[in-house]
Number of protein chains: 2
Amino acid sequence: MVKTRLVLVGTEGEINLGMIARLAENFDVDELYLVNPQADIEAAKEYAVHAFHRLDDARIVDTLEESLENTSVSICTTAVKAESGDLLRVTTPLSQLPPLLEKISGRIAIVSGRESVGLTRDELSKCDLRATIETSDRYRTMNLACSVAVTLYTIYNTLKRVDVSKPSIRTGNQKRRLALNYASRIAENIFRDEQRRTNTILLFKKILTPGFLEDPEASLLLTFLSRIHSRLKRG
Amino acid sequence: MVKTRLVLVGTEGEINLGMIARLAENFDVDELYLVNPQADIEAAKEYAVHAFHRLDDARIVDTLEESLENTSVSICTTAVKAESGDLLRVTTPLSQLPPLLEKISGRIAIVSGRESVGLTRDELSKCDLRATIETSDRYRTMNLACSVAVTLYTIYNTLKRVDVSKPSIRTGNQKRRLALNYASRIAENIFRDEQRRTNTILLFKKILTPGFLEDPEASLLLTFLSRIHSRLKRG
């Protein structure tokens, strides 16, 4: 049984916060985390209608890290996307998440940023997957509550479809961490450019998204990277 | 080329009306019709951000019939659904619309009702399709703007998929072949075991599945592998 944790970082507006509390109820979100909220929570309840208790039950924390504790994968949404260069801005279209989600178990964190400036680069880099809602290129930025609605709808319906029998094929966290570590050390060895090194970590974070690789595939990737690493060190 | 007309019947709230104007821009709605709006349109502009002109351009009519003129199909959303009996309350889940939409041409009307009481039975019966957004059964009624967001997102992305033959989000074949080739030669270098070498190719075939990596990610992987390959050859 997959659980969902909605993480709102620095939400500024009471209307949005209230509407999102209601969405948490509409789409059976298991846990609501508020990272350093700016909006007045009592005032937000007015916009939450019958879901106001969601705001009483929300866990308030100071940092994104705390809000990601005990989650198996974190997915953030961002309106800014780039076609090349900075991998932090190269995002996965939301409509392509379902096949990935179908294989995930544990607790999924769904992260949304501030109305004014979204998530910082540092926050973006802490998430496993960066997703973008497909919109018109003419006007990409959506209202926060509306973008959370679309994201939760997509995730809720995917998880509901696959709910029952979940295969135990997930990339173990330990294996994932080790593989990322080797990828990072190889990048330091072969790339001088700092941006490329950072991008390599982001690339392998995506490849190692829980659920994408089957366990034996992740093991092979780990061996592949560790062999390369020791050969480069020797050479 | 399919066109979309968003029809809002008796919208009561300025916040919702403004947010929906913005959604019309986010999802390239061609025409906005307001049937007997109750909200103050000037006040709504504040919530439309850069899409306020959508409210100036909206066509205001008195009846649902007028708003459906010259459309080829009309789809309304309703939170009330019944499993049997009253056919007016037997609805199509929103996630099942895409296969239907793919066959439609002309102009699609997307109809949303009042915040307080939705659409009347008479209005419901004038629409060709009644759709329901799949939500938790515990709390089905969504905020109006949020439900329009989910509906427009679903329709926009279905139409776009059909429209443009194929998005540019696929790993170019040339790049894919090159990356596979490097992975294979690295595997020959670091693995003695034939099975492992074959498995490595399979692993990278999966990682390079068209559609999984965005183009800049695939480029970086190609560079990563080619650098490793030349370093190992030298070493």
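Draft legend 1. Local environment of the overall build of chain A. The helix and strand inventory of chain A stands at ten helices and seven strands. Its C-alpha radius of gyration of 19 Å places chain A within 12% of the 18 Å reference for a compact globule of 235 residues. A burial count over chain A gives 58% of its 235 residues as buried. Nonlocal contacts in chain A, meaning residues at least 24 apart in sequence, comprise 84% of its contacts between residues at least 6 apart. When the accessible area of chain A is evaluated, it comes to approximately 9,500 Å², of which 47% is carbon and sulfur surface. Charge centroids of chain A, computed over 33 positive and 31 negative side chains, lie 10 Å from each other.

Draft legend 2. Looking closely at the packing of helix α8 (residues 173–190) of chain A against helix α10 (residues 215–234) of chain A. Residue and element names in this part refer to chain A. α10 packs onto α8 with a crossing angle of 35 degrees between their chain directions and a minimal axis gap of 9 Å. Here α8 runs over α10; the crossing is left-handed. Here Lys 175, Leu 178, Ala 179, Tyr 182, Ala 183, Arg 185, Ile 186, Asn 189 and Ile 190 of α8 lie close against α10, whose contacting residues are Asp 215, Ala 218, Ser 219, Leu 222, Leu 225, Ser 226, Ile 228, His 229 and Leu 232. Grouping the constituent residues of the contact of α8 with α10 by class yields eleven nonpolar, four polar and three charged.

Draft legend 3. Spatial organisation of the environment of Lys206(B). With respect to the secondary-structure elements, Lys206(B) resides in helix α9 (residues 194–207). Counting along the chain gives 70 residues from Lys206(B) to Ser136(B), while the straight-line C-alpha distance between them is 35 Å. Not counting residues up to four positions away in its chain, the partners in contact with Lys206(B) are Phe212(A), Leu213(A), Glu214(A) and Glu217(A).

Draft legend 4. Main features of the interface of chain A and chain B. Every contact between the two is made by 72 residues of chain A and, on the other side, 65 residues of chain B. Summed over both partners, the interface of chain A with chain B buries about 5,900 Å², with 66% contributed by carbon and sulfur atoms. Sorting the residues of chain A by area buried against chain B places Tyr139(A), Tyr153(A) and Phe224(A) first, and these three jointly supply 13% of that buried surface. The interface formed by chain A and chain B includes three salt bridges. We note a salt bridge from Arg138(B) to Asp28(A), for which the minimum N-O separation is 2.7 Å. Across the contact surface, chain A and chain B share 29 residue pairs in polar contact (both at pLDDT 80 or more).

Draft legend 5. Structural context of the packing of aromatic side chains. Inspection of the entire model under this criterion finds eight aromatic pairs over all chains. Relative to Phe224(B), the ring of Phe204(A) has its centre 5.1 Å away and its plane inclined at 55 degrees; by these criteria the two rings are tilted. Of the two residues, Phe204(A) sits in helix α9 (residues 194–207) while Phe224(B) sits in helix α10 (residues 215–234), which places them in two different chains. Residues Phe204(A) and Phe224(B) agree in their burial class; the two are buried. Here the aromatic cluster, defined as three or more aromatic residues joined through ring pairs, consists of Phe27(A), Tyr153(A) and Tyr156(A). Stacked on the ring of Tyr33(B), the Lys or Arg Arg5(B) has its end atom at 4.2 Å from the ring centre.

Draft legend 6. Representation of the domain arrangement of chain A within the structure. Residue and element names in this part refer to chain A. Examined at the domain level, chain A breaks down into domain 1 (3–162) and domain 2 (173–234). Centre-to-centre, using C-alpha coordinates, domain 1 lies 27 Å away from domain 2. Interface area for domain 1 against domain 2, summed over the two sides, is near 1,100 Å², with a carbon-plus-sulfur share of 55%. It is Leu 87, Lys 103 and Asp 128 in domain 1 that bury the most area against domain 2; as a group they hold 38% of the surface buried on that side. At the junction of domain 1 with domain 2, the criterion picks out one salt bridge. For the salt bridge of Arg 176 with Asp 128, the shortest nitrogen-to-oxygen distance reads 2.8 Å. The interface formed by domain 1 and domain 2 includes four residue pairs in polar contact (both at pLDDT 80 or more). If you list the elements that add at least two residues to the side of domain 1 that touches domain 2, you get α6 (121–126) and β7 (129–132).

Draft legend 7. Expanded view of the layout of surface pockets. All names here are of chain B. Of the volumes computed, that of the second largest pocket is approximately 710 Å³. Lining the second largest pocket are 32 residues, and of these Arg 114, Glu 115, Met 142, Asn 143 and Leu 144 sit closest to its centre. Element by element, the count of residues in the lining of the second largest pocket is highest for helix α1 (residues 14–26), at three residues. The residue inventory of the lining of the second largest pocket, partitioned by class, reads twelve nonpolar, 13 polar and seven charged.

Draft legend 8. Main features of the sheet that holds strand β1 (residues 3–9) of chain B. Residues and elements named next belong to chain B. Read across the open sheet, the seven strands follow the order β3-β2-β1-β6-β4-β7-β5; overall the sheet is parallel. Both edges of this open sheet fall to β3 (59–61) and β5 (92–93), since each of them pairs with a single strand only. Pairing geometry for strand β2 (residues 31–35) and β3, over three bridges, is parallel. Across the sheet, Tyr 33 pairs through a bridge with Arg 59, a residue of β3.

Draft legend 9. Quick look at the sheet that holds strand β4 (residues 73–77) of chain A. Residue and element names in this part refer to chain A. The strand order β3-β2-β1-β6-β4-β7-β5 describes an open sheet built from seven strands, whose pairing is parallel. Each having just a single partner strand, β3 (59–61) and β5 (92–93) make up the two edges of the open sheet. Summarising the sheet, β5 and β7 pair through two bridges and their orientation is parallel. Across the sheet, the residue bridging to Thr 92 is Ala 131, located in β7.

Draft legend 10. Seen up close, α8(A). Taking 1.5 Å of rise per residue, the 18 residues of α8(A) would be expected to cover 26 Å, and the 26 Å separating its terminal C-alpha atoms lies within 8% of that figure. Among the residues of α8(A), those classed as buried are Arg176(A), Ala179(A), Leu180(A), Ala183(A), Ser184(A), Ile186(A), Ala187(A) and Ile190(A). Taken down its axis, α8(A) places every buried residue within 165 degrees of arc, on the same side. At its buried positions, α8(A) is contacted by α9 and α10 of chain A together with α10 of chain B.

Draft legend 11. The arrangement of empty space enclosed by the protein in detail. Within the structure shown, the criterion is met by one cavity of 30 Å³ or more. The calculated volume of the largest cavity comes to roughly 50 Å³. Every residue lining the largest cavity is listed: Val90(A), Thr91(A), Thr92(A), Asp128(A), Leu129(A), Arg130(A), Leu202(A), Lys206(A) and Glu217(B). Where the lining of the largest cavity is concerned, the elements lending two or more residues are β7 and α9 of chain A. Tallied by class, the residues present in the lining of the largest cavity amount to three nonpolar, two polar and four charged.

Cut-offs and rules
Residues numbered from 1 in each chain as written. Chains lettered and ligands numbered in written order. Predicted model: local features only at pLDDT ≥ 70, side-chain atom pairs only at ≥ 80, totals over all residues. Heavy atoms only, no water. Helix = DSSP H or I, 4+ residues; strand = E, 2+ residues; numbered from the N terminus. Rg over C-alpha atoms; globule rule 2.2 N^0.38 Å. Buried < 20%, exposed > 50% of the residue type's maximum accessible area, 1.4 Å probe, protein only. Contact = heavy atoms within 4.5 Å. Areas by Shrake-Rupley, 256 points an atom, 1.4 Å probe, with all protein chains shown as cover. Lys, Arg positive; Asp, Glu negative; His and termini not counted. Charge placed at Lys NZ, Arg CZ, Asp CG, Glu CD. Axes fitted to C-alpha atoms, helices over the stretch in contact; angles between N-to-C directions. Left-handed = near helix turned anticlockwise from the far one by under 90°. Nonpolar A, V, L, I, M, F, W, Y, C, P; charged D, E, K, R; others polar. Buried area = accessible area lost by both parts, 1.4 Å probe. Salt bridge = Lys/Arg side-chain N within 4 Å of Asp/Glu carboxyl O. Polar contact = N/O pair within 3.5 Å; in protein donor to acceptor, adjacent residues only side chain to side chain. Phe/Tyr/Trp six-rings, centres within 6.5 Å; stacked < 30°, edge-to-face > 60°. Lys NZ or Arg CZ within 6 Å of the ring centre and 35° of its normal. Domains from an automatic or database assignment. 1 Å grid on protein atoms, 1.4 Å probe; cavity = no way out; pocket = protein on both sides within 12 Å on 5 of 7 lines; lining within 4 Å. Points joined across faces, edges and corners; volume = space filled by probe spheres on them. Pairing = 2+ DSSP bridges. Expected span 1.5 Å × (residues − 1). Arc of directions from axis to C-beta.

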